[in-house]
Amino acid sequence: MTSEMDNRQARGPLVLSIDAMGGDRGPATIVAGLSAFARKHRDVHFLLHGPEAELRPLVDKQKGLSAQVEIRDASGVVSMEDKPSHVMRNGQDTSMWSTLDAVRNGEATVAVSCGNTGALMLLSMVRLRKLPGVNRPAIAVLWPSRNPQGYNVMLDVGADIRADADDLLKYAMMGASYARNGLNLERPRIGLLNVGTEEHKGRAELKAAHELITANAEAGGFDYVGFVEGGDIPGKRCDVIVTDGFTGNIALKTGEGTASLINSLLREAFTYSPLSRLAALLALSSLKRLQARVDPRRKNGGVFLGLNGTVVKSHGAADATGVAAAVELAYDLAQSGFGDRLAARVASAAAAAEPAPEAPDATDTKKKRNRQMSIRAKVAGIGHYLPQRVVPNAEFEKTLDTSDEWIRSRSGIERRHFAAEGETTSMLAANAAEAALKDAGLEASEIDALIVATSTPDLTFPSAATMVQARIGMTGGFAFDVQAVCAGFVYALSTANAMIVAGQAKRVMVIGAETFSRIMDWTDRGTCVLFGDGAGALILESAEGEGTSADRGILSVDLHSDGQFRDLLYVDGGVSTQSTGHLRMEGKEVFRHAVEKLAQTATTAMDKAGITSDEVDWVVPHQANIRIINGTAKKLGLPMERVVVTVQDHGNTSAASIPLALSVGKAEGKIKQGDVVVTEAIGGGLAWGAVVLRW
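Residues numbered from 1 in each chain as written. Predicted model: local features only at pLDDT ≥ 70, side-chain atom pairs only at ≥ 80, totals over all residues. Heavy atoms only, no water.

Caption draft 1: Quick peek at the overall build of the chain. For the chain, the helix and strand inventory stands at 21 helices and 24 strands. With the C-alpha coordinates aligned to their principal axes, the bounding extent of the chain is approximately 95 × 70 × 50 Å. Taken across its 695 residues, the chain has 54% of its residues classed as buried. Taking contacts inside the chain between residues at least 6 apart in sequence as the whole, the part at least 24 apart equals 74%. For the chain, the exposed area adds up to about 30,000 Å²; of that, 52% sits on carbon and sulfur atoms. (Helix = DSSP H or I, 4+ residues; strand = E, 2+ residues; numbered from the N terminus. Buried < 20%, exposed > 50% of the residue type's maximum accessible area, 1.4 Å probe, protein only. Contact = heavy atoms within 4.5 Å. Areas by Shrake-Rupley, 256 points an atom, 1.4 Å probe, with all protein chains shown as cover.)

Caption draft 2: Representation of the environment of N431. On the secondary structure map, N431 appears in helix α15 (residues 425-440). Put simply, N431 and A537 are 106 residues apart on the chain and 9.0 Å apart in space, counted from C-alpha to C-alpha.

Caption draft 3: Geometry of the pattern of salt bridges. Evaluation of the coordinates by the stated rule reveals 26 salt bridges. A salt bridge links D551 to R376; the nearest nitrogen and oxygen atoms lie 3.0 Å apart. On the criterion of sequence distance, the pair formed by D551 in the loop between β18 (533-544) and β19 (553-561) and R376 in strand β12 (residues 375-385) is long-range, its members being 175 residues apart. Classification of R376 as buried rests on a relative accessible area of 14%. Among the salt bridges present, the one from K608 reaches D558, with a minimum N-O distance of 3.1 Å. Taken together, the positions of K608 in helix α18 (residues 587-609) and D558 in strand β19 put the pair 50 residues apart, joining distant regions of the chain. A relative accessible area of 4% places D558 in the buried class. Among the charged side chains, a network of salt bridges with common partners joins D404, R408, E414, R415 and D649. (Salt bridge = Lys/Arg side-chain N within 4 Å of Asp/Glu carboxyl O.)

Caption draft 4: Spotlight on the nonpolar core. One finds L16, F46 and Y178 to be the most contacted residues of the largest nonpolar core, which totals 67 residues. The element best represented in this core is helix α6 (residues 165-183), accounting for 11 residues. Dropping the residues within four chain positions of it, L16 is found in contact with V44, H45, F46, L47, A108, V110, V327, A330, Y331 and A334. Core analysis: the next-biggest nonpolar cluster, separate from the first, contains 49 residues, M520, L598, A624 and V647 among them. (Core = buried A, V, L, I, M, F, W, Y, C linked by side-chain atoms within 4.5 Å.)

Caption draft 5: Main features of the environment of D239. Within the element layout of this structure, D239 appears in the loop between β8 (223-228) and β9 (240-242). Taking the C-alpha atoms as reference, D239 lies 10.0 Å from P148; in sequence the two are 91 residues apart. Setting aside chain neighbours within four positions, we find D239 in contact with N147, Q149, N152, V153, L185, P188 and R189. A polar side-chain atom of D239 sits 3.0 Å from a polar atom in the side chain of Q149. (Polar contact = N/O pair within 3.5 Å; in protein donor to acceptor, adjacent residues only side chain to side chain.)

Caption draft 6: Here's a closer look at the sheet that holds strand β10 (residues 302-305). Strand order in the open sheet formed by 11 strands is β3-β2-β1-β4-β11-β10-β5-β6-β9-β7-β8, with mixed pairing between adjacent strands. Of all strands in the sheet, those with a lone pairing partner are β3 (69-73) and β8, marking the two edges. On average, adjacent strands in this sheet sit at an angle of 25 degrees to one another, irrespective of strand direction. Here helix α4 (residues 95-104) sits on the sheet in contact with β1 (15-19), β2 (45-50), β3, β4 (110-113) and β11 (310-313), set at roughly 165 degrees to β1. Contacts between α6 and the sheet are confined to β5 (138-144), β6 (151-155), β7 (189-193), β9 and β10, with β6 contributing the most and set at about 150 degrees to the helix. (Pairing = 2+ DSSP bridges. Axes fitted to C-alpha atoms, helices over the stretch in contact; angles between N-to-C directions.)

Caption draft 7: Expanded view of the packing of α4 against helix α5 (residues 117-128). It is the contact of α4 with α5, at a shortest axis distance of 10 Å, that shows an interaxial angle of 35 degrees. The two elements α4 and α5 cross, and the hand of that crossing is right-handed. Residues M96, W97, L100, D101, V103 and R104 of α4 pack against A119, L120, L123, S124, V126, R127 and L128 of α5. Across the contact of α4 with α5, the residue classes tally to 9 nonpolar, 1 polar and 3 charged. (Left-handed = near helix turned anticlockwise from the far one by under 90°. Nonpolar A, V, L, I, M, F, W, Y, C, P; charged D, E, K, R; others polar.)

Caption draft 8: Geometry of the pairing of β6. Most of β6 is tucked away: 5 of the 5 residues are buried. The side-chain alternation of β6 yields two buried faces, one formed by Y151, V153 and L155 and the other by N152 and M154. Direction of pairing for β5 relative to β6: antiparallel, over a ladder of 5 bridges. If you follow V141 over to β6, its bridge partner there is M154. Bridging between β6 and β9 involves 3 bridges; their strand directions are parallel. Its bridge partner being in β9, V153 is matched across the sheet by V240.

Given below as structure tokens:
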């Protein structure tokens, strides 16, 4: 079989796709760097993306360049300050988008951009898509080293701050492929960055990755040297250093800062006195040789690995020399057929990581256990119900020292629904359940379990869930309540998900239902204007998945509680105290805890799911207060355009608020199949949590 390095064949003229508008120095620098490269490679053709009226004079000014360049008019520009999510939703007219689409459409082999790294990575993942078997792409850079080739490869340096053992194995495969094609190393040596070289050191995922990489070294065509330390990054012990994006980015920025410091110190030392200037003159040739080795402009370009197409990311501050180096790197990778070879290596890594097929005589129990590893709890149907009575803010003006403007400005609430006399929580829940069954096309008899999240049940016992079970005609299965106040629906979702994954149930209906109007103190304007009644129901059902974030269904759960804050939000009565009680709340303190804890739990849940905020389509938060919703979205770095908000119409319906908002979001055409949805809530206890799911 021909090796990866030997398999280079004559091809037609290469086409490279260049983003002219990405760099800090403007398009003139990009065009100058492109021209410097083109003078040495007259056989290469370029697609140059940006405003044609601005680019045409710059290209015509460079001798002979216009014959090699086709300008693709793109009026929009992605700035370094633009958030990736904004570019994703509004950047179709930008030069960056056009640059990547040329590779996507097969018109060019490699894309080059000096632009916003976060936006470029997100657009690359969306427009080019990840290679099969790759969960997280990586950014690889060349690092000056004492090895004969002069450079080592390090990845990931910032594509994703997380990486599990399987991701690190893929990085090793991709890094080895890059070293073969970028550094002409037939059998690269791979090192896994750790806090020490001893096998017992490091986090659990590093130890697991160590075993995986060891087992797959032969199939990957590389030599694995084991754990390496920071000093080995510029050393000669290995050729490729594998790490997660968080560690890699810190190492990269530290290296750049150190190089800048050394450069400044050398300048100071050689200009200190006439004698030192003479010494500098005598050492000039050696200094130039040193500069050639460590000048980042001469090996400028991080390569995005793990995509269906090759993308070279040049430094934003690159001058013409740096741009020319990035284009040179793109040319070398295109010449070697790097993209195809990388895809083949990743495919082999994915195949090697697959579990061995079951022997024909394997037990049924073992087969079932393996199948359960890929079980997901996906949404089958959703519905909601609101009492008929609508109470606008103006109604409170008759009995309280308040106003519509005061309520709106502090909470965002305009109206809410109150249950009628004799209308109980289980009645609201049953109506929502019927709506969810209709949406799913199911009968009540097809539901295995029913969970009601509520703090306002009809009776002390039996549970509201059994009452709903009777009302909808569900005679089989089992039913029970969950009480975590406003976080109740998130807790109930987690419970339903666990039962489905464990095989205890195939279909579980989860309902959030409340009649908080029954526990209001109508003389307390700080609380009674905030809450409403309602119910929402969601049906989860078992579905096969691949165990990746691309699966439909619940991807992750994160739950917390801390009883030391119980006095911030509570009801001052109950069965043991022989009184019903009323809701009491320390509003300012609850607000402070809510924004911090909701952002934290949502971030943790996204980390567990293996997604970033840029991949989130919708946040559906507990609808407590518009200021809490805004504050949490800001902490998550998400625009309000991607947040489902219903608080203005429903008020705070406690455990019912999330399923109500999900149902309304779907009915309005916002939430669609395949969307990534993050739900988060906090309530009395304090209890809080988040769930990430793909609709």
